[in-house]
Amino acid sequence: MMDVLVIGAGIVGAACAQELASAGLSVGIVEKSEPAFGATAAGMGHILVLDDSEAQIRLTAYSRDLWHGLAPSYRTEFRTTGTLWVAANEQEMGAIEGRRDFYRKYGVDAEVVGQDQLYQLEPALAPGLAGGMRIPSDAVLYPPTATTELLDRAFRSGATYLRSEIKSIGAHLVELVNGETMETTHVVLAAGADATKLFPSLPIRKRKGHLAITDRLPRPLIRHQLIETGYLQSAHGSDDASVAFNLQPRSTGQLLIGSSRQFESSREVELPIVERMLAQAVSYVPALRDCLITRIWTGFRAATPDGLPLIGPHSGIPGLILATGHEGLGISTSLATAKLVRQHITGTKAEIDPAPYLPDRLFPAT
Ligand SMILES: Cc1cc2nc3c(=O)[nH]c(=O)nc-3n(C[C@H](O)[C@H](O)[C@H](O)COP(=O)(O)OP(=O)(O)OC[C@H]3O[C@@H](n4cnc5c(N)ncnc54)[C@H](O)[C@@H]3O)c2cc1C
């Protein structure tokens, strides 16, 4: 019998498998499709610290530090581009100092950027913007290769991989779609937004996002990951579709353009949303108007009502640990999630308090 079965080989499942296998546990990974097939393939790969709440800044800061710790031995792309939050006007600029202080309170380096400095840092920005905030240690990576590298590390520590779909999960047990059952001490459910197919009562809604990527540019247009300060409003959002300017320089010379948010929609690319998203991007970086878009795609974030992931035991099913509900931050927070999951399984303490992320906060014990 395995110590742990990890359901899902997205970046969260891969991080958990790597963490648990390297701790000496016997780990099996069960994935219904290919590794990094779900939201992980659709994500932007921005590794950022976000300041939406105390619990969120602690989780993202912890995880970003873990990524930096891993980076020197990492074979795949990991670049510290920094994030430049762009304030469009004086009203948005007015909130920047408060945000900077909040970051600093949690030990995260953050600098207010005045208007002149904004254009020195990023000359391609549209004229007339007010300034912003720079988070120098934020980074970017390519999520599919980051996931396969984490999986490789798990395999080197003895983890095994099975391509199959899990039909149901019981106490210390999973059932595959072919009717076979597998016993295990723990199950880690890292199935992203599909977790609700196994547990419809989980408080998770699918939140669709669009991204577009340009052709390779002859020379770099931007250096930082750029985000409008209004992004947080889009992330909080209502049931209405929203777009926010979010632009990432890729090591290939391409630009990754995001992003949109809408609940419960089909997987199809929706051109009216894409047009809004691209118009927003062009309003911040006018030269994008001349760039060729080579591909547009969608993916589903797993959104919880309070914007925090579900990490910890499912109180109704012995042995089941949830690791899902990461919305737009699962790539950033995958490594911290894995540390918290390890704490729940082995007792090895993570560097942050696991309490704010416990699933029990959102649904009662059964
Ligand atoms: C447009 C967009 C942009 C984003 N940008 C960023 C970003 O810049 N930074 C960031 O940190 N995050 C970003 N995210 C969020 C991030 O992509 C996700 O939070 C993260 O990828 C979730 O990873 P996961 O492993 O939990 O889920 P997934 O990647 O969805 O993986 C779940 C896996 O479980 C498998 N699975 C599901 N059910 C079963 C089953 N029953 N049996 C077996 N296998 C199963 C699936 O096939 C899948 O491979 C973005 C998301 C989107 C949509």
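Residues numbered from 1 in each chain as written. Predicted model: local features only at pLDDT ≥ 70, side-chain atom pairs only at ≥ 80, totals over all residues.

Our next topic: unusual backbone geometry. The amide bond that connects G258 to the next residue, S259, takes the cis arrangement and shows omega of -15°. Tracing the backbone shows S259 in strand 16 (residues 255–263). One non-glycine residue, E327, adopts positive backbone phi at about 45°. Structurally, the position occupied by E327 is in the loop between strand 19 (320–324) and helix 11 (330–346). (Helix = DSSP H or I, 4+ residues; strand = E, 2+ residues; numbered from the N terminus.)

Counting residues in each nonpolar core, the largest one holds 104 residues, and the members touching the most others are C16, A17, V188 and L189. With 8 residues, helix 1 (residues 11–22) is the largest single contributor of residues to this core. For this core, the domains that each give at least three residues are domain 1 (2–45 + 143–203 + 306–361) and domain 2 (80–137 + 205–303). The contact partners of A17, leaving out residues within four places of it in the chain, are V6, V27, I29, L151, A154 and A159. (Core = buried A, V, L, I, M, F, W, Y, C linked by C-beta atoms within 7 Å. Buried ≥ 20, exposed ≤ 12 C-beta atoms within 10 Å, placed from the backbone. Domains from an automatic or database assignment. Contact = placed C-beta atoms within 7 Å.)

Once that is clear, we can look at the domain arrangement of the protein chain. Here the protein chain is partitioned into domain 1 (2–45 + 143–203 + 306–361) and domain 2 (80–137 + 205–303). Each side of the interface is counted separately: domain 1 has 13 residues, and domain 2 has 15 residues. Per-element tally for the side of domain 1 that touches domain 2: the top contributor is helix 2 (residues 39–42), with 3 residues.

Another aspect to go through is the sheet that holds strand 6 (residues 111–113). If you walk across this open sheet you meet the 8 strands as 6-7-5-14-15-16-13-17, and the pairing is mixed. A strand with exactly one partner marks an edge of an open sheet, and here the two such strands are strand 6 and strand 17 (293–303). Each strand axis lies, on average, 25° off the axis of its neighbour in the sheet, ignoring direction. As paired strands, strand 5 (residues 83–87) and strand 7 (residues 131–135) are joined by 5 bridges and run antiparallel to one another. Following the sheet pairing, T83 is matched in strand 7 by I135. (Pairing = 2+ DSSP bridges. Axes fitted to C-alpha atoms, helices over the stretch in contact; angles between N-to-C directions.)

What follows is about helix 7 (residues 143–156). Between its first and last C-alpha, helix 7 extends 20 Å over 14 residues, near the 20 Å set by a 1.5 Å rise per residue. Regarding helix 7, the residues found buried are P143, A146, T147, L150, L151, R153 and A154. Down the axis of helix 7, the sector holding all buried residues measures 155°, keeping them to one side. On its buried side, helix 7 packs onto helix 1, strand 2 (27–31), helix 2, strand 8 (139–141) and helix 11. (Expected span 1.5 Å × (residues − 1). Arc of directions from axis to C-beta.)

Attention now moves to the site of the ligand. Neighbouring the ligand are 40 residues, the closest being G8, G10, G38, G192 and G330. If you list the elements that add at least two residues to the shell around the ligand, you get helix 1, strand 2, helix 2, strand 13 (205–214), strand 16, strand 17 and helix 11. When grouped by side-chain class, the residues that make up the shell around the ligand number 16 nonpolar, 19 polar and 5 charged. Looking at which domains feed residues into the shell around the ligand, each of domain 1 (2–45 + 143–203 + 306–361) and domain 2 (80–137 + 205–303) supplies at least three. (Near = placed C-beta within 6 Å. Nonpolar A, V, L, I, M, F, W, Y, C, P; charged D, E, K, R; others polar.)

Moving on to the pairing of strand 2. Taken across its 5 residues, strand 2 has 4 buried, putting it largely inside the fold. Here 4 bridges tie strand 1 (residues 2–7) to strand 2, and the two strands are oriented parallel to one another. Bridge pairing in strand 2 places I7 opposite V30. In the classification by handedness, the crossover that spans strand 1, the intervening helix 1 and the parallel strand 2 is right-handed. (Right-handed = clockwise from strand over helix to strand, strands pointing away.)

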